[in-house]
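# Analysis of the macromolecular model
Residues per chain, in single letters:
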Amino acid sequence: TIPFLVRLFPALTTKFTFLNFLAFPYFVDLRQPELLVNNTINLYLTTEPGITVGVWHTVPGSRGAEAQGKDQRWYEEVLADAHPIIIYLHGNGGTR
């Protein structure tokens with residue numbers, strides 16, 4: 001039965017393979033990461049026309065006291081300094 005269903009409904013198979021329709025944790029607004037993770041802001045990158053990727057920028061704990069109460073401009077300036085940047089790619093789920 002399963003091979004028949006896979007052949008008949010390929011889009012459904014994709015949904016259940018990647019489970020990207022699930023939002024976990026539930027009832028959390030991921031556009032406000034500062035409520036979940038200290039020293040973090042939400043940014044958006046436009047990779048090509050019509051495609052926007054949401055990213056979180058988190059400064060290390062050693063700069064946590066310095067980051068308190070800062071705005072987005074400060075976080076963007078921190079990205080431009082000489083410190084290394086670690087990019088974490090979380091996978092195929094629809095959440096960060």
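Provided above is the structure to which this section pertains.
Residues numbered from 1 in each chain as written. Predicted model: local features only at pLDDT ≥ 70, side-chain atom pairs only at ≥ 80, totals over all residues. Heavy atoms only, no water.

Across 8 bridges, strand β1 (residues 40-48) lies against strand β2 (residues 51-58) in antiparallel orientation. Paired with Y44 across the strands is G54, a residue of β2. The hairpin formed by β1 and β2 contains 2 residues between the paired strands, and G50 there has a positive phi angle of roughly 85°. (Pairing = 2+ DSSP bridges. Helix = DSSP H or I, 4+ residues; strand = E, 2+ residues; numbered from the N terminus.)

This part covers the nonpolar core. By size, the foremost hydrophobic cluster in this structure holds 7 residues: I41, L43, V59, A67, W74, Y75 and V78. Those elements giving two or more residues to this core turn out to be β1 and α4 (72-80). Considering each element in turn, this core owes the most residues, 3 residues, to α4. (Core = buried A, V, L, I, M, F, W, Y, C linked by side-chain atoms within 4.5 Å. Buried < 20%, exposed > 50% of the residue type's maximum accessible area, 1.4 Å probe, protein only.)

Scanning all chains against the criterion turns up 3 salt bridges. Residue R63 is joined to D81 by a salt bridge in which the shortest nitrogen-to-oxygen separation is 3.0 Å. On the criterion of sequence distance, the pair formed by R63 in the loop between β2 and α3 (64-67) and D81 in the segment after α4 is long-range, its members being 18 residues apart. Owing to a relative accessible area of 16%, R63 belongs among the buried residues under this scheme. By relative accessible area, D81 is classed as partly exposed at 27%. (Salt bridge = Lys/Arg side-chain N within 4 Å of Asp/Glu carboxyl O.)

Right, let's get into the environment of V37. Its place among the elements puts V37 in the loop between α2 (10-18) and β1. V37 sits in the partly exposed class, given a relative accessible area of 31%. Residues V37 and W56 lie 19 residues apart in sequence; the distance between their C-alpha atoms is 9.8 Å. When near neighbours in sequence (up to four residues on either side) are disregarded, V37 contacts W56 and T58. (Contact = heavy atoms within 4.5 Å.)

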